[in-house]
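Take a look at the letters that make up each chain.
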Amino acid sequence: MAAGTAARRLRLVVAYDGRPYSGFARQKGRLTVQGELERVLSELAGEPVETGCAGRTDAGVHARGQVVHADVPDWLDPEKVRRAVNAAAGPAIVVREAAWAAEGFDARFSARRRTYVYRIDDSGSPDPLTRGFVLAWPRPLDLERMRAAAAPLVGEHDFATFCRRRTGGSTWRRLRSISVRRVRGVVEVRMVADAFCWQMVRSIVGYLLTVGDGRRDPAGTLDVLASGDRSRAGDVAPPHGLVLESVGYPRGSQAPPSKRHKLTGSAGDR
């Protein structure tokens with residue numbers, strides 16, 4: 001931060017179409033969501049700005065309620081930042097909310113829960129206009145079988161079977177809920193957890209798909225989970241059907257309503 005300039009933490013709720021990007025996290029020589037946000041914020045601030053996020057989504061994964069923080073000069077106006085980012089990075093990236101954050105707020109470490117939804121069309125005649133956001137599945141899915149297979153996953157477990165390991169990272173996670181339902185003909189698998197490990201949601205969905213189309217027994221979930229064997233989970237579901245819907249925080253993690261701009265939609269539960 002320039003001499004004589006005070007820094008203040010900005011809290012953004014960001015939506016994006018993940019298809020053009022190599023994931024959220026910045027990568028040298030690649031177009032990423034974080035890279036685009038930092039490019040625009042740095043231009044506005046007149047100096048380098050780094051961001052943090054609630055969840056580093058993979059290449060091709062979308063978001064409606066990603067939460068991002070950035071330390072910027074306090075003379076910037078959150079509403080003007082919102083409009084500037086949307087003008088420069090939209091329409092694939094849109095800031096839905098902009099506000100000053102409360103003292104100590106961190107988009108990742110302050111988060112209490114995260115909600116992801118994976119959408120599947122098993123009709124046999126998928127809508128071509130939603131093909132970038134909904135997985136077309138060639139076989140009919142039995143939702144009761146999928147629900148039976150999903151139920152044992154709720155709770156605190158070692159999800160090594162359903163995660164890509166990171167060096168030194170734990171694969172223990174608490175899955176608060178998982179639901180499988182059909183909404184306007186599309187199957188939605190919704191998961192809420194304190195946090196997810198790398199590719200956990202897509203791995204679980206990939207497993208549930210093989211149960212739902214009759215290729216695997218729903219009674220086998222506990223054995224698959226306990227094995228810790230990544231190969232037992234089967235194929236990872238493609239990224240384009242997955243959306244980070246929202247992230248939940250304790251009350252008081254942002255400025256009072258009178259000091260922030262808010263559009264419809266929220267950073268509620270992830």
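Residues numbered from 1 in each chain as written. Predicted model: local features only at pLDDT ≥ 70, side-chain atom pairs only at ≥ 80, totals over all residues. Heavy atoms only, no water.

What follows covers the side chain of Gln66. By secondary structure assignment, the location of Gln66 is in strand β3 (residues 62–73). Of the polar contacts made by the side chain of Gln66, one reaches the backbone oxygen of Gly55; its length is 2.6 Å. Gln66 has contacts with Leu12, Val13, Val14, Tyr16, Phe24, Cys53, Ala54, Gly55, Thr57 and Leu244, leaving out every residue within four places of it along the chain. (Helix = DSSP H or I, 4+ residues; strand = E, 2+ residues; numbered from the N terminus. Polar contact = N/O pair within 3.5 Å; in protein donor to acceptor, adjacent residues only side chain to side chain. Contact = heavy atoms within 4.5 Å.)

On inspection of all chains with the given rule, the structure shows one disulfide. Note on cysteine connectivity: Cys163 is disulfide-linked to Cys197, with sulfurs 1.8 Å apart. Of this pair, Cys163 sits in the loop between β7 (155–158) and β8 (172–183) while Cys197 is found in the loop between β9 (186–193) and α4 (200–212), placing the two residues 34 residues apart along the sequence. Comparing Cys163 with Cys197 shows no difference in burial state: the two are buried. Lacking any disulfide linkage, Cys53 is separated from the closest cysteine sulfur, that of Cys197, by 16 Å. (Disulfide = S-S within 2.5 Å. Buried < 20%, exposed > 50% of the residue type's maximum accessible area, 1.4 Å probe, protein only.)

Residues Gly90 and Pro91 are joined by a peptide bond in cis, for which omega reads 5 degrees. By the element assignment, Pro91 lies in the loop between α2 (78–89) and β4 (93–100). Of note, the phi angle at Arg184 is positive, near 50 degrees, even though the residue is not glycine. If you trace the backbone, Arg184 turns up in the loop between β8 and β9. For Arg184, a relative accessible area of 81% corresponds to the exposed category. Phi is positive for Gln199, close to 65 degrees, though the residue is something other than glycine. By secondary structure assignment, the location of Gln199 is in the loop between β9 and α4. The exposure class assigned to Gln199 is buried, which follows from its relative accessible area of 14%.

All right, on to the packing of helix α1 (residues 33–45) against α2 then. Between α1 and α2, the least distance of the axes is 10 Å, while the angle of their chain directions is 130 degrees. With respect to α2, the element α1 is oriented oblique. Relative to α2, the crossing made by α1 is right-handed. From α1, Leu37, Arg39, Val40, Leu41 and Leu44 reach across to α2, where they touch Val81, Ala84, Val85 and Ala88. Among the residues making up the contact of α1 with α2, the classes are represented as eight nonpolar, no polar and one charged. (Axes fitted to C-alpha atoms, helices over the stretch in contact; angles between N-to-C directions. Parallel < 35°, antiparallel > 145°, perpendicular 65-115°, else oblique. Left-handed = near helix turned anticlockwise from the far one by under 90°. Nonpolar A, V, L, I, M, F, W, Y, C, P; charged D, E, K, R; others polar.)

Moving on: the packing of aromatic side chains. Applying the stated criterion across every chain yields a total of four aromatic pairs. For the pair Phe105 and Tyr249, a centre-to-centre distance of 5.1 Å together with 55 degrees between the ring planes defines the contact as tilted. On the criterion of sequence distance, the pair formed by Phe105 in the loop between β4 and β5 (113–121) and Tyr249 in the loop between β10 (242–248) and β11 (261–262) is long-range, its members being 144 residues apart. Neither Phe105 nor Tyr249 differs from the other in exposure class; each is buried. Its guanidinium or amino end placed over the ring of Trp198, Arg164 lies 4.1 Å from that ring's centre, counting from NZ or CZ. Here the guanidinium or amino end of Arg166 rests over the ring plane of Trp198, the centre of that ring lying 4.1 Å away. (Phe/Tyr/Trp six-rings, centres within 6.5 Å; stacked < 30°, edge-to-face > 60°. Lys NZ or Arg CZ within 6 Å of the ring centre and 35° of its normal.)

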